[in-house]
Amino acid sequence: MRVGYYQFEPVFGEVFTNLERVAAELEIIDCDLVVLPELAMTGYQFLSPEETWNLAEPIPEGPTTTRCLELAKARSMIMVVGLAERAGTRCYNSAVVVGPSGLIGVYRKVHLFAEETLFFTSGDTGFPVWNIGEATIGVLICFDWIYPEAARTLALKGADLLCHPANLVLPYCPDAMVTRCLENRVFSITANRVGSEARGGKPRLSFIGQSEIVSPSGTILHRAPSGQSELYFVDIDVKEARQKRITPYNDLFRDRRPSCYFV
Ligand code: ACM
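Per chain, residue numbering runs from 1 following the sequence as it is written. Totals for whole chains, interfaces and linings use all residues, but because this is a predicted model, local features are given only for residues with pLDDT of at least 70 and pairs of side-chain atoms are given and counted only at 80 or more. Neither water nor hydrogens contribute to the side-chain values; these are computed over all heavy atoms in the structure.

Visitor: Let's hear about the sheet that holds strand E2 (residues 33-35): which residues, and what values?
Guide: Here we have six strands laid out as an open sheet, ordered E5-E4-E3-E2-E1-E14, and mixed in their pairing. Since the sheet does not close on itself, it has two edges, and those belong to strand E5 (102-108) and strand E14 (230-235), each with one partner. When strand polarity is set aside, the average angle formed by the axes of neighbouring strands in this sheet is 30°. Here the rule is simple: two strands pair whenever DSSP picks up at least two bridges between them. Note on conventions: DSSP H or I runs of at least 4 residues are helices, E runs of at least 2 residues are strands, and numbering of each starts at the N terminus. Bridge count between strand E1 (residues 2-7) and E2: three bridges; the pairing is parallel. Paired with Val-3 across the two strands is Leu-33, which belongs to E2. The axes are straight lines fitted to the C-alpha atoms, using for helices just the contacting stretch, and the angles between their N-to-C directions are given from 0 to 180°.

Structural data, given as structure tokens:
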């Protein structure tokens, strides 16, 4: 299975410009699955709930889902794309999973980071998984990485591959995802963005890039640079994620002891 990410710098608020940039970049690729960053078409640093509302989109009618559905169909691929979702009176920091035959699912970010809590409602979808044929996938969005429970839930539900749209500003996640993969024996694709935003006199946020693809043994198959766009793919054997036996005596999931854990 050929999987990867597109790391780039969106222009804040320019949804159509960003969509066309992504479309131009993905037009020539040949892959099974591509992950784009969190809030990939809006940018990140919102100034008010009104601004967030105005840039957020209904799913599937909004421009981001509509255009990505076209792209997924044209290239016969699955796309996982972070976007600001408008649903009823609420906004969610969401990701859509789209494929050649339509919308596969939506995940709404559970663990909001910093000022996101002012502009978005925390997600109510739980952590769904989707069988996309060759693999079962689940989604984490950015700061979800810091809760091992999130990745564990997806792995226990059968995810082989964690798709992780991100807008990382802290330095810890790329190394932490190695542990998330190792402790669950799953693949992950973190798609981060680059560049910075300092809107409306707010402190500048610098996004760290370093998108990466990690294997179930914790091997970093590829890590992107910090400061430039990159479209990158690797071939993976999804079956590696289904081998949870770590020694002849230890099976990662069978040997869990939930009765000993504080939940
Ligand atoms: C983040 O969750 N965007 C850091």
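Visitor: Quick one: what's the story with the side chain of Ser-94, residue by residue and with numbers?
Guide: For Ser-94, the position within the fold is in strand E4 (residues 90-99). By the convention used here, residues are in contact when the closest approach between their heavy atoms is within 4.5 Å. With residues up to four places along the chain from it excluded, the contact list for Ser-94 reads Val-81, Gly-82, Leu-83, Glu-85, Val-106, Tyr-107, Arg-108 and Ile-141.

Visitor: Give me the pairing of strand E8 (residues 161-165): which residues, what numbers.
Guide: Whether a residue is buried, partly exposed or exposed follows from its accessible area with a 1.4 Å probe, protein chains only, as a fraction of its type maximum: under 20%, in between, or over 50%, in that order. Taking burial as the measure, the five residues of E8 include five buried ones, the bulk of the element. Neither face of E8 is exposed, since Leu-161, Cys-163 and Pro-165 on one face and Leu-162 and His-164 on the opposite face are all buried. For strand E7 (residues 136-139) and E8, the ladder comprises three bridges, and the chain directions are parallel. Pairing of Gly-138 across the sheet is with Leu-162, part of E8. Whether a crossover is right-handed depends on one test, that the path from the first strand over the helix to the second runs clockwise when the strands point away from the viewer. Once you follow E7 into helix H5 (residues 148-156) and on to E8, the crossover reads as right-handed. For E8 and strand E9 (residues 187-191), the ladder comprises five bridges, and the chain directions are parallel. By the bridge assignment, His-164 is partnered in E9 with Thr-190. Running through helix H6 (residues 173-184), the crossover from E8 to the neighbouring parallel element E9 is right-handed.

Visitor: Could you give an account of the nonpolar core, naming the residues involved and the relevant values?
Guide: Each nonpolar core is a collection of buried residues, namely Ala, Val, Leu, Ile, Met, Phe, Trp, Tyr and Cys, held together in the definition by side-chain atoms within 4.5 Å. Counting 47 residues, the largest nonpolar core has Leu-33, Ile-137 and Val-139 as its most contacted members. Sort the elements by how many residues they give to this core and H5 lands first, with four residues. Not counting residues within four places of it along the chain, the set of residues in contact with Leu-33 comprises Met-1, Arg-2, Val-3, Gly-4, Ile-78, Ile-132, Ile-137, Leu-161, Cys-163, Ile-189 and Phe-233. Phe-12, Ile-29, Ala-84 and Cys-91 belong to the second-largest nonpolar core, a separate cluster that totals 36 residues.

Visitor: If you had to explain helix H3 (residues 63-75) to someone new, which residues and values would you point to?
Guide: Since the α-helix turns once every 3.6 residues, residues separated by three or four places project in the same direction. By definition here, a helix of n residues has an expected span of 1.5 Å times n minus one. Between its first and last C-alpha atoms H3 spans 18 Å; for 13 residues at 1.5 Å apiece the expected length is 18 Å, and the two agree. Residues of H3 that are buried: Thr-64, Thr-65, Cys-68, Leu-71 and Ala-72. Each buried residue of H3 sits inside an arc of 125° when the element is viewed along its axis, so together they form one side. Those residues of H3 that are exposed and aimed more than 90 degrees away from the buried face are Lys-73 and Ala-74. Here, the arc refers to the directions that run from the helix axis to the C-beta atoms.

Visitor: Explain the pattern of salt bridges to me, and be specific about the residues and the numbers.
Guide: A carboxyl oxygen of Asp or Glu within 4 Å of a side-chain nitrogen of Lys or Arg is what we treat as a salt bridge. By the definition in use, this model includes 16 salt bridges. Note that Asp-237 is salt-bridged to Lys-239, the shortest N-O span being 3.4 Å. Relative accessible area serves as the criterion here: at 36%, Asp-237 is assigned to the partly exposed category. Several salt bridges converge on common partners, so that one network encompasses Glu-20, Arg-67 and Glu-70.

Visitor: Report on H6, specifying residues and quantitative values.
Guide: Along its 12 residues, H6 runs 16 Å from first to last C-alpha, staying within 8% of the 16 Å computed at 1.5 Å per residue. Here H6 has its buried residues at Cys-173, Pro-174, Ala-176, Met-177, Val-178, Arg-180, Cys-181 and Asn-184. Following H6 by one or two positions, Arg-185 has its phi on the positive side, about 50°.

Visitor: Talk me through the packing of aromatic side chains; I want residue IDs and the actual numbers.
Guide: When two rings of Phe, Tyr or Trp (its six-membered ring) have centres within 6.5 Å they constitute a pair, described as stacked for plane angles under 30 degrees, edge-to-face for angles over 60, and tilted for the intermediate range. Under the defined criterion, the tally for this structure stands at nine aromatic pairs. Arranged with centres 6.4 Å apart and planes meeting at 25°, the rings of Tyr-5 and Tyr-232 form a pair that is stacked. Residue Tyr-5 is located in strand E1, and its partner Tyr-232 is located in strand E14; the two are separated by 227 residues in the primary sequence. The buried category is assigned to Tyr-5, whose relative accessible area is 0%. Given the relative accessible area of 26%, Tyr-232 is considered partly exposed. Between Tyr-44 and Phe-207, the aromatic rings sit 5.8 Å apart at their centres with planes inclined by 80°, giving edge-to-face as the arrangement.

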